[in-house]
Amino acid sequence: MWSTSAIFMEEDDAQNGVDHVDGHRSPGYIISPYAVQNGPTDHTFYTQVNMTRTIEQILGLTPMNQFDLVASPMRTAFVTGTPPAENFQPWTHVPNQILLDKGVTASTAKTKRNPPIKALRAAWLQKKAQIFAGKLTKPDAEDPDTVNHLNWYLTTGFKIPYPGEKTVRPPSDFNNAAPTPDEDDK
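Residues numbered from 1 in each chain as written. Predicted model: local features only at pLDDT ≥ 70, side-chain atom pairs only at ≥ 80, totals over all residues. Heavy atoms only, no water.

Draft legend 1. Quick look at helix H1 (residues 48–59). The end-to-end C-alpha separation of H1 is 17 Å, in line with the 16 Å expected for 12 residues at 1.5 Å each. Every buried residue of H1 is accounted for by Asn50, Met51, Arg53, Thr54 and Glu56. Among the structural elements, strand S1 (7–10), strand S2 (28–31) and helix H2 (66–70) are those in contact with the buried residues of H1. With a side-chain oxygen positioned 3.2 Å from the backbone nitrogen of Val49, the residue opening H1 is Thr47. Backbone geometry just downstream of H1 places Gly60 in the positive-phi region, at approximately 75°. (Helix = DSSP H or I, 4+ residues; strand = E, 2+ residues; numbered from the N terminus. Expected span 1.5 Å × (residues − 1). Buried < 20%, exposed > 50% of the residue type's maximum accessible area, 1.4 Å probe, protein only. Contact = heavy atoms within 4.5 Å. Polar contact = N/O pair within 3.5 Å; in protein donor to acceptor, adjacent residues only side chain to side chain.)

Right, dumping it as structure tokens:
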């Protein structure tokens, strides 16, 4: 029931998607009629443990360990006093435009009429086959920059340069070596 709900969301692992400030930051969201609505972004430093502590307090649970015992609840994210009545109004969701269970696939709509794009697409799809040939069971087995470019080009039809670049690059521009494994990975 919406009037008693609080949904907490956080990014599981930023991987190679660091932001412009610090690679340790990840977005966190609270969806609830009791969360501050339409206000300024809260820049209070919170961690996953703060979120856990907040959930424990809402549910009346005792802390699981010393870390969440001493963590501060996320008080600044919630309305003090009684939330405005409009926070409890029903809302209509906007359905997603892309199926979330189908994976990333390349669009072929306009590549048939454009030989350079068709050639780039073919080269990247060959590279994709090489990247995923038996390595799915080994974490971080491929160069993240190569995989990020592959995903970008697949979703933009091989027509839009990767952010910060001026051209769509061929897969031959990329280092084929996987990152050096940590001692723990050996």
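Draft legend 2. The nonpolar core, seen in detail. One finds Ile117, Leu120, Trp124, Ile131, Val147, Leu150, Tyr153, Leu154, Phe158, Val168 and Phe174 forming the largest nonpolar core, which totals 11 residues. For this core, the elements supplying multiple residues, two or more each, are helix H3 (115–131) and helix H4 (144–155). Setting aside residues no more than four positions away along its own chain, Phe174 makes contact with Trp124, Asp145, Thr146, His149 and Arg169. (Core = buried A, V, L, I, M, F, W, Y, C linked by side-chain atoms within 4.5 Å.)

Draft legend 3. Fine view of the environment of Glu56. Note on placement: Glu56 falls in helix H1. Linking Glu56 and Asp68, residues 12 residues apart in sequence, is a C-alpha distance of 8.9 Å. With residues up to four places along the chain from it excluded, the contact list for Glu56 reads Leu61, Thr62, Pro63, Met64 and Asp68.

Draft legend 4. The arrangement of the packing of H3 against H4 in detail. Relative orientation of the contacting elements H3 and H4 amounts to 135°, with a least axis distance of 11 Å. The orientation of H3 relative to H4 falls into the category oblique. The hand of the H3/H4 crossing is left-handed. Contact residues: H3 offers Trp124, Leu125, Lys127, Lys128 and Ile131, while H4 offers Thr146, Val147, His149, Leu150, Tyr153 and Leu154. Taken together, the residues of the contact of H3 with H4 break down into 7 nonpolar, 2 polar and 2 charged. (Axes fitted to C-alpha atoms, helices over the stretch in contact; angles between N-to-C directions. Parallel < 35°, antiparallel > 145°, perpendicular 65-115°, else oblique. Left-handed = near helix turned anticlockwise from the far one by under 90°. Nonpolar A, V, L, I, M, F, W, Y, C, P; charged D, E, K, R; others polar.)

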